[in-house]
Amino acid sequence: KVAINHWGQANFFGRVGKEAMEDELTKLGCEIIPTVTDNTPDRMKAIENAIALGVDAIIVQEGDITEAETAILEAKQKGIIIGSMDTADYVDFYVTSDNPLLGKNTAEALVEKMGAKGRIIEIIDDSGSMTRKRRDAAHKVFDQYPDIEIAYSLVYSWPDYDADMMNQVSAVLAKEGDNISGVFAVFDGVGISAYKTIKEFGLQDKIFICGVDGDPDVYALMKADGENCNYICTMAQDPDTMARTCVRAVVDLLNGKTLDSKVEYIPGIKVTPANVNEIG
């Protein structure tokens, strides 16, 4: 009996991960108790309920597992196996992209396109350990260039981020759109929100966007706009493979097997308007 808890379903990564987890658990003959939460109190309740139902394992996708520490530690004390996608604390196994590398590569692509100068809007949120790692890695890149400035740090709401982020980006562009050169988005959903707003202001030839996830909606933008698309790069993750890898490792642990490592990294792929037709 395996409980899975997902941090919302507002983004491509979360939706694919949930579907793949449930499919793989079904194939392996597990009973599934799925929950979707978008805040820490509800996640705590979901985990506590799973414990009360006598689950053998709990898998957590995204978010920050440390914020549910009390419930997770209670589960571990009862011998429940803990697995996760993208969060490492307290777990018996986790699978993740190399988030610092994703953030680094995204920032480097943006700096190169901007000619190593200009003002950036970063779109961030601290609720996920993976997004914090991307942001921190990007900052290390930006800090190397004296003519690069993070002019605005916008925090998106979750899970209803789209209208919120369009409003925030619109306020910035209305104030000084001609003085902005780039957008760094910690995930593609908010990058798309920025893309739509920039296009409304007619600034798509001046402001470049980079994000993370490999969202099919970004691929569609790149294909529609061609090689001149201002969404210049996304670092694509593979949530399907990540979810199935996590499930198989957790079930192996339930069956008494020993894992070679408690972590597995799934590499990201750089997708640009130039290669999107080959990848997406």
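Now for a look at the structure at hand.

Conventions and cut-offs
- Residues numbered from 1 in each chain as written.
- Predicted model: local features only at pLDDT ≥ 70, side-chain atom pairs only at ≥ 80, totals over all residues.
- Heavy atoms only, no water.
- Buried < 20%, exposed > 50% of the residue type's maximum accessible area, 1.4 Å probe, protein only.
- Helix = DSSP H or I, 4+ residues; strand = E, 2+ residues; numbered from the N terminus.
- Pairing = 2+ DSSP bridges.
- Right-handed = clockwise from strand over helix to strand, strands pointing away.
- Axes fitted to C-alpha atoms, helices over the stretch in contact; angles between N-to-C directions.
- Contact = heavy atoms within 4.5 Å.
- 1 Å grid on protein atoms, 1.4 Å probe; cavity = no way out; pocket = protein on both sides within 12 Å on 5 of 7 lines; lining within 4 Å.
- Points joined across faces, edges and corners; volume = space filled by probe spheres on them.
- Nonpolar A, V, L, I, M, F, W, Y, C, P; charged D, E, K, R; others polar.
- Phe/Tyr/Trp six-rings, centres within 6.5 Å; stacked < 30°, edge-to-face > 60°.
- Expected span 1.5 Å × (residues − 1).
- Arc of directions from axis to C-beta.

The next subject is the pairing of strand E8 (residues 182–185). Across the two faces of E8 the burial is the same, with Gly182 and Phe184 and Val183 and Ala185 all buried. With four bridges joining them, strand E6 (residues 118–124) and E8 adopt parallel strand pairing. For glutamate 122, the partnering residue across the bridge sits in E8 and is phenylalanine 184. Two elements, E8 and strand E9 (residues 208–213), share three bridges in a ladder whose sense is parallel. Note on E9: the bridge partner recorded for phenylalanine 184 is cysteine 210. Between the parallel elements E8 and E9, the chain passes through helix H7 (residues 188–200) in a crossover that is right-handed.

The subject of this paragraph is the sheet that holds strand E12 (residues 269–271). Strand order in this open sheet of six strands is E7-E6-E8-E9-E10-E12, and the pairing throughout is mixed. Each having just a single partner strand, strand E7 (148–155) and E12 make up the two edges of the open sheet. On average, each strand axis in the sheet is tilted by 20° relative to the strand beside it, whichever way the strands run. Pairing of E9 with strand E10 (residues 231–236) involves five bridges; the strand directions are parallel. Within E10, the position partnered with aspartate 213 by the bridge is alanine 236. Across the sheet, H7 touches E6, E8, E9 and E10, and the angle it forms with E9 is around 160°. Along the sheet, helix H8 (residues 216–225) makes contact with E10 and E12, crossing E10 at roughly 150°.

This paragraph deals with empty space enclosed by the protein. Enumeration according to the criterion identifies one cavity of 30 Å³ or more in this entry. Estimates place the volume of the largest cavity at around 150 Å³. A total of three residues in the lining of the largest cavity trace back to one element, the largest contributor, which is helix H5 (residues 129–142). The class makeup of the residues in the lining of the largest cavity is six nonpolar, five polar and four charged.

To continue, consider the packing of aromatic side chains. Applying the stated criterion across every chain, the model contains five aromatic pairs. Look at tryptophan 158 and tyrosine 161: their rings are 6.0 Å apart centre to centre, the planes differ by 10°, and that puts the pair in the stacked class. As far as burial versus exposure is concerned, tryptophan 158 and tyrosine 161 are alike and both buried. These aromatic residues form a ring-pair network of at least three members: Tyr156, Trp158, Tyr161 and Phe187.

Counted at 1.5 Å a residue, the expected span for helix H2 (residues 40–52) with its 13 residues is 18 Å, and the 18 Å between its end C-alpha atoms agrees. Within the sequence span of H2, burial applies to Thr40, Arg43, Met44, Ala46, Ile47, Ala50 and Ile51. Down the axis, H2 shows its buried residues gathered within 160° of arc, on one side only. In H2, the exposed positions that point more than 90 degrees away from the buried face belong to Pro41, Lys45 and Ala52. Looking at the buried positions of H2, the neighbouring elements they touch are strand E1 (2–7), strand E2 (32–37), strand E3 (57–61) and helix H3 (69–77). Directly beyond the C-terminal end of H2, a positive phi value near 75° is found at glycine 54.

The strands making up a sheet are joined through hydrogen bonds of the backbone, oriented either antiparallel or parallel. Strand order across the open sheet formed by six strands is E2-E1-E3-E4-E5-E11, with parallel pairing between neighbours. The open sheet is flanked by E2 and strand E11 (263–265), the only strands paired with a single partner. For this sheet the average axis-to-axis angle between neighbouring strands, irrespective of direction, equals 15°. Judged from the six bridges that link them, E1 and E2 form a sheet pairing that is parallel. Among the inter-strand pairings, histidine 6 is bridged to a residue of E2, identified as valine 36. Lying on the sheet, helix H9 (residues 239–254) is in contact with E1, E3, strand E4 (81–85), strand E5 (93–96) and E11; it crosses E4 at an angle near 170°.

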